[in-house]
Amino acid sequence: MNEDVYRSADGIRGPEPARAPGQAPYEPAKIERVPPAPGPAKVERVPPAAEPVDAPPEPPSKPPKRQRVVLADPRSKSTPTLRALVELEEQNSWGTVLITDLVRRQLRSAVALAAVVVVVLGGLPLAFYLSPDFARVEVIGLPLAWLLLAVLPFPLLLLAGLSYNRAAERHEREFVDMIEN
């Protein structure tokens, strides 16, 4: 290759840094030695001024007034909240009861919604089996059984998921409100 594209540095060839057309070739910066810092300055001690012996002693000053230091307002709502959060983090008996109650409420919501979905989706084949006339009904040229079993589960599962999400968020909001109050 051509020397314009590559430069030599300590015997190793490397690419030359990008430069504009007409710009001078790359030259590394020159390193100059910095002179050492001057040593520490000498400090001379000045002898203290002699106090006159016949000066009367100063009268003792009054002690400062006592002040009451308040770290937190006792009427604030942060104290119970802080206590509740500490108990939740440490998993004390009260914190364990609160968390267990929250989990139990959310589990109850999930089981109830799952039961509704199972009853509706499981009831359709049972309804078609028990009522053959209902199974023969046609809508838009397709059997109603096919439409219900192919289309109904998707919106039903979407609605069940959305309603569970709302219920879980409501339970969590109630839990947080109970902790904060």
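Residues numbered from 1 in each chain as written. Predicted model: local features only at pLDDT ≥ 70, side-chain atom pairs only at ≥ 80, totals over all residues. Heavy atoms only, no water.

Under an unreviewed UniProt entry, the name given to the protein chain is DUF485 domain-containing protein, and the source organism is Amycolatopsis cynarae.

(A) Layout of the overall build of the protein chain. A tally of helices and strands in the protein chain yields 5 helices and 4 strands. Across the 181 residues in the protein chain, those meeting the buried criterion constitute 13%. Partitioning the contacts of the protein chain with sequence separation of at least 6, the portion at a separation of at least 24 is 49%. Here the protein chain displays about 16500 Å² of accessible surface, and carbon together with sulfur accounts for 63% of that area. (Helix = DSSP H or I, 4+ residues; strand = E, 2+ residues; numbered from the N terminus. Buried < 20%, exposed > 50% of the residue type's maximum accessible area, 1.4 Å probe, protein only. Contact = heavy atoms within 4.5 Å. Areas by Shrake-Rupley, 256 points an atom, 1.4 Å probe, with all protein chains shown as cover.)

(B) Quick look at the packing of helix α4 (residues 144-151) against helix α5 (residues 153-180). It is at 5 Å that the axes of α4 and α5 come closest, and there the two elements cross at 35 degrees. Within the contact between the two elements, α4 uses L148, L149, A150 and V151 and α5 uses P153, F154 and P155. For the contact of α4 with α5, a count of residues per class yields 7 nonpolar, no polar and no charged. (Axes fitted to C-alpha atoms, helices over the stretch in contact; angles between N-to-C directions. Nonpolar A, V, L, I, M, F, W, Y, C, P; charged D, E, K, R; others polar.)

(C) Geometry of the packing of aromatic side chains. Evaluation of the coordinates by the stated rule reveals 1 aromatic pair. With centroids separated by 5.2 Å and ring planes inclined at 20 degrees, the aromatic side chains of F128 and F134 adopt a geometry described as stacked. Overall, F134 belongs to the partly exposed group, its relative accessible area being 32%. (Phe/Tyr/Trp six-rings, centres within 6.5 Å; stacked < 30°, edge-to-face > 60°.)

(D) Focus on the pattern of salt bridges. Inspection of the entire model under this criterion finds 2 salt bridges. One salt bridge connects R136 with D133, and the closest N-O pair in it is separated by 3.1 Å. There is no split in this pair, since R136 and D133 are both exposed. (Salt bridge = Lys/Arg side-chain N within 4 Å of Asp/Glu carboxyl O.)

(E) The UniProt feature "transmembrane region" (unreviewed entry) in the protein chain, seen in detail. The positions that UniProt labels "transmembrane region" (unreviewed entry) are, in the present scheme, residues 110-131 and 143-164. With 95% helix and 0% strand, residues 110-131 has its two end C-alpha atoms placed 31 Å apart. With 91% helix and 5% strand, residues 143-164 has end C-alpha atoms that lie 32 Å from one another. (UniProt positions renumbered as here; feature names shortened; annotations may be inferred.)

(F) Looking closely at α5. The terminal C-alpha atoms of α5 lie 40 Å apart, and with 28 residues this matches the ideal 40 Å at 1.5 Å per residue to within 8%. Restricting attention to buried positions, one finds in α5 the residues P153, L156, A160, A167, A168, H171, F175 and I179. (Expected span 1.5 Å × (residues − 1).)

(G) Seen up close, unusual backbone geometry. You will see that I140, though not glycine, has its phi angle at about 55 degrees, which is positive. Checked against the element boundaries, I140 lands in the loop between β3 (138-139) and β4 (142-143). Relative accessible area serves as the criterion here: at 80%, I140 is assigned to the exposed category.

(H) Representation of a nonpolar patch on the surface in the model. Taken together, the side chains of F134, V137, V139 and I140 present a nonpolar region at the surface, about 350 Å² in accessible area. Positionally, V139 belongs in strand β3. In this structure V139 comes out as partly exposed when scored by relative accessible area, which is 33%. (Patch = residues over 30% accessible without salt bridge, like charges linked within 9 Å, V, L, I, M, F, W, Y side chains within 5 Å.)

(I) Quick look at the confidence of the model for the protein chain. Summarising the model, the protein chain shows a mean pLDDT of 77, and 65% of its residues fall at 70 or more. Element-level mean pLDDT values for the protein chain span from 50 in strand β1 (residues 6-9) up to 92 in α5. (pLDDT = per-residue confidence, 0-100.)

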